[in-house]
Amino acid sequence: MKEMKGPRIPNASANATLFFLLLLLLSSPFFHQCVAGTESSHPPAVPAVPPSPSSSATFSVLRHGAVGDGATDDTKAFADAWSAACAVGAATVVAPAGYVFAVGPVVFTGDSCKANMVFQVDGTILAHTGSTAWRSGDVGQWLEFKNVTGLTIQGSGTVDGQGSHWWSRSGRSEEDDDDIDDAPTELDTDRAGTSNNPTAVRVFQGANVTVTGITIRNSPQFHITFDTCRAVEVRGVNISSPGDSPNTDGIHLTGSGGVSVHHATIACDDCISIQDGCSDVFIDSVGCGPGHGISIGGLGKGGTTAVVSNITVQNVTLTRTTTGVRIKTWQGGSGSVKDVRFSGVQVSAVKKPIVIDQYYCDHTTCANQTSAVAVAGVSYREVAGTFTERPVYLACSDAKPCTGIHLADIRLAPAKDGGDDDLHGPFCWKAHGDVVQPVAPPVDCLMAGPP
């Protein structure tokens, strides 16, 4: 019988080699990855990367029903977009470019909003003159932002108040030209029946508010008002209305502090008006005119008390305005205007570049009264250019003479086309202060020292 052969058994040397190769394979990371891959059909989990902070949510008024054809009433769409954005916080409401939105009076309230809302105007927003909301006659604002914190109004678009719809019914008088002479006869345009005309944009009780880039034009009354606000910056805006439009102040400040206005172009009634309760106001690099210039006041109307302090106006240009930099107060009022600095003021064909008028009056004549808003600590430095009527007009109160008036480096000359018959020299009454040369023409009427 043939001998059966069993399986071939490797010798000891071969066994040692196989053991060594197996040991290498078991210790290899590749082996472990392959084994792990057979345990699941999914790739190994990648640790989650913490998400970066998301950008502000955007709410287009078009998505909330706005049509943007310049005729359809889009008021509700704007209100709805604001309400939706409020719930998110740090959100942006957008009026897109390429559309014209007809909007009636609306209040954007921050009561239920999170902070840091953005109102982006890239298209045109028109005052919807056909809105039934105007018919009550007591709508004082058109676009109002109320109780807002961290609000930004910005964009490359336009807010157009279509003011001619209201101006034609304002019963204006020829005296609205704001002429003032030796006996002050300047007319307050409130008397022209504009008190019920709406302000285009009002920010009421706002904090940390920024307005930048937009154009506001043809407001029925004031173009933009900051009322009872803190920490406000306005920059790069363009504001305008016709020269004869009544009471259309560009930027109107009342009861507000910590306000900065810079690199703006304004042509309307008072380019900037600063009213009772304002302090720490800084105005820089503003072009103004035509219009009535940059004004503090009128203050103290109807026997009221008014306080304004720490105002700086610098590097401004005023062209063909009736006054340049002005302080105006009513007889019979009380309170004070103090710590005011005007510097780097360039004027061109301005009727009266430097004005303090404590006899401000909205009629041809007003009854004399003994009490007055006191004016103290006002400096004028580096005021230069041309005037058409009178270079300096300081009409201070008998009862409360002006004190601490400082004039330094004043260089004013008659405009070539001003007409010699209309020119007058500097005028002072009860004005006390000092002069640092050069001052031209000489202001010899300013009394040295305290009253």
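Residues numbered from 1 in each chain as written. Predicted model: local features only at pLDDT ≥ 70, side-chain atom pairs only at ≥ 80, totals over all residues. Heavy atoms only, no water.

A. Local environment of the nonpolar core. In terms of nonpolar packing, the biggest core is built from 99 residues, with W82, F226 and Y380 touching the most fellow members. Excluding its chain neighbours within four sequence positions, the residues that come into contact with F226 are V203, V209, V211, V232, V234, I251, H252, L253, T254 and S256. (Core = buried A, V, L, I, M, F, W, Y, C linked by side-chain atoms within 4.5 Å. Buried < 20%, exposed > 50% of the residue type's maximum accessible area, 1.4 Å probe, protein only. Contact = heavy atoms within 4.5 Å.)

B. Representation of empty space enclosed by the protein in the model. The tally for this structure, following the rule as stated, stands at 1 cavity of 30 Å³ or more. Each pocket or cavity is described by its volume, and for the largest cavity that value is around 40 Å³. Considering the residues around the largest cavity, the lining is formed by F119, V121, L143, F145, I153, V159, V201 and I214. Those elements that place two or more of their residues in the lining of the largest cavity are β6 (118–121) and β8 (141–146). Taken together, the residues that form the lining of the largest cavity break down as 8 nonpolar, no polar and no charged. (1 Å grid on protein atoms, 1.4 Å probe; cavity = no way out; pocket = protein on both sides within 12 Å on 5 of 7 lines; lining within 4 Å. Points joined across faces, edges and corners; volume = space filled by probe spheres on them. Helix = DSSP H or I, 4+ residues; strand = E, 2+ residues; numbered from the N terminus. Nonpolar A, V, L, I, M, F, W, Y, C, P; charged D, E, K, R; others polar.)

C. Region of the structure containing the environment of V439. Along the chain, the position of V439 falls in strand β30 (residues 431–440). Taking the relative accessible area as the measure of exposure, V439 reaches 6% and is therefore buried. Separated by 55 residues in sequence, V439 and A384 place their C-alpha atoms 9.9 Å apart. Sequence-distant contacts of V439, defined by excluding residues within four places in its chain, comprise L407, D409 and I410.

D. Quick peek at the sheet that holds strand β11 (residues 199–204). Judged by pairing direction, the sheet is parallel, and its 11 strands sit side by side in the order β5-β8-β11-β14-β17-β19-β21-β23-β25-β27-β29 without closing on themselves. Every other strand in the sheet has two partners, leaving β5 (106–109) and β29 (427–429) as the edge strands with one partner each. With direction set aside, neighbouring strand axes in the sheet form an average angle of 15°. Relative to strand β25 (residues 352–360), strand β23 (residues 323–330) runs parallel, the two being bridged by 6 bridges. Bridging from a neighbouring strand, I327 pairs with I356 of β25. On the sheet, helix α3 (residues 75–86) packs against β5 and β8 and is oriented at approximately 5° with respect to β5. (Pairing = 2+ DSSP bridges. Axes fitted to C-alpha atoms, helices over the stretch in contact; angles between N-to-C directions.)

E. Spatial organisation of the packing of aromatic side chains. For the structure shown, the criterion picks out 12 aromatic pairs. Relative to F145, the ring of W82 lies with its centre 5.9 Å away and its plane at 70°, an arrangement referred to as edge-to-face. Of this pair, W82 sits in helix α3 while F145 sits in strand β8; the two residues are 63 residues apart in sequence, bridging distant segments of the chain. Given the relative accessible area of 3%, W82 is considered buried. Ring centres of F342 and Y380 lie 5.2 Å apart, and the angle between their planes is 20°; on these two criteria the pair is classed as stacked. Linking F342 in strand β24 (residues 334–350) with Y380 in strand β26 (residues 374–387), this pair joins segments that are 38 residues apart in sequence. (Phe/Tyr/Trp six-rings, centres within 6.5 Å; stacked < 30°, edge-to-face > 60°.)

F. Focus on the state of the cysteines. This structure, assessed with the given rule, holds 5 disulfides. Shown here is the disulfide that connects C271 with C288, its sulfur atoms set 2.0 Å apart. The sign of the S-S torsion, about 85°, decides the handedness of the disulfide formed by C271 and C288: right-handed. Note that C271 is positioned in strand β19 (residues 270–274) and C288 in strand β20 (residues 279–288), a separation of 17 residues in sequence. Accessibility expressed as a relative area gives 3% for C288, which makes it buried. Here C396 pairs with C402 through a disulfide, and the sulfurs are 2.0 Å apart. Negative torsions about the S-S bond denote left-handed disulfides, and the value of about -100° found for C396 with C402 makes this one left-handed. Summarising the burial analysis for this pair, C396 and C402 share the class buried. With its bonded cysteines labelled in order along the sequence, the chain shows the pairing 1-2, 3-4, 5-6, 7-8, 9-10. Cysteine C229 remains unbridged, with the sulfur of C278 as its closest cysteine sulfur at 9.7 Å. (Disulfide = S-S within 2.5 Å.)

G. Here's a closer look at the pattern of salt bridges. Inspection of the entire model under this criterion finds 9 salt bridges. When the shortest N-O distance is used, the salt bridge between D80 and K76 registers 2.6 Å. Here D80 and its partner K76 are both found in helix α3, 4 residues apart, which amounts to about one turn of the helix. The class for D80 is partly exposed, based on a relative accessible area of 28%. For K76, a relative accessible area of 59% translates into the label exposed. A salt bridge links K352 to E389; its shortest N-O distance comes to 2.1 Å. Of the two residues, K352 sits in strand β25 while E389 sits in the loop between β26 and β27 (392–395), which places them 37 residues apart along the sequence. E389 carries the same exposure label as K352, and that label is buried. (Salt bridge = Lys/Arg side-chain N within 4 Å of Asp/Glu carboxyl O.)

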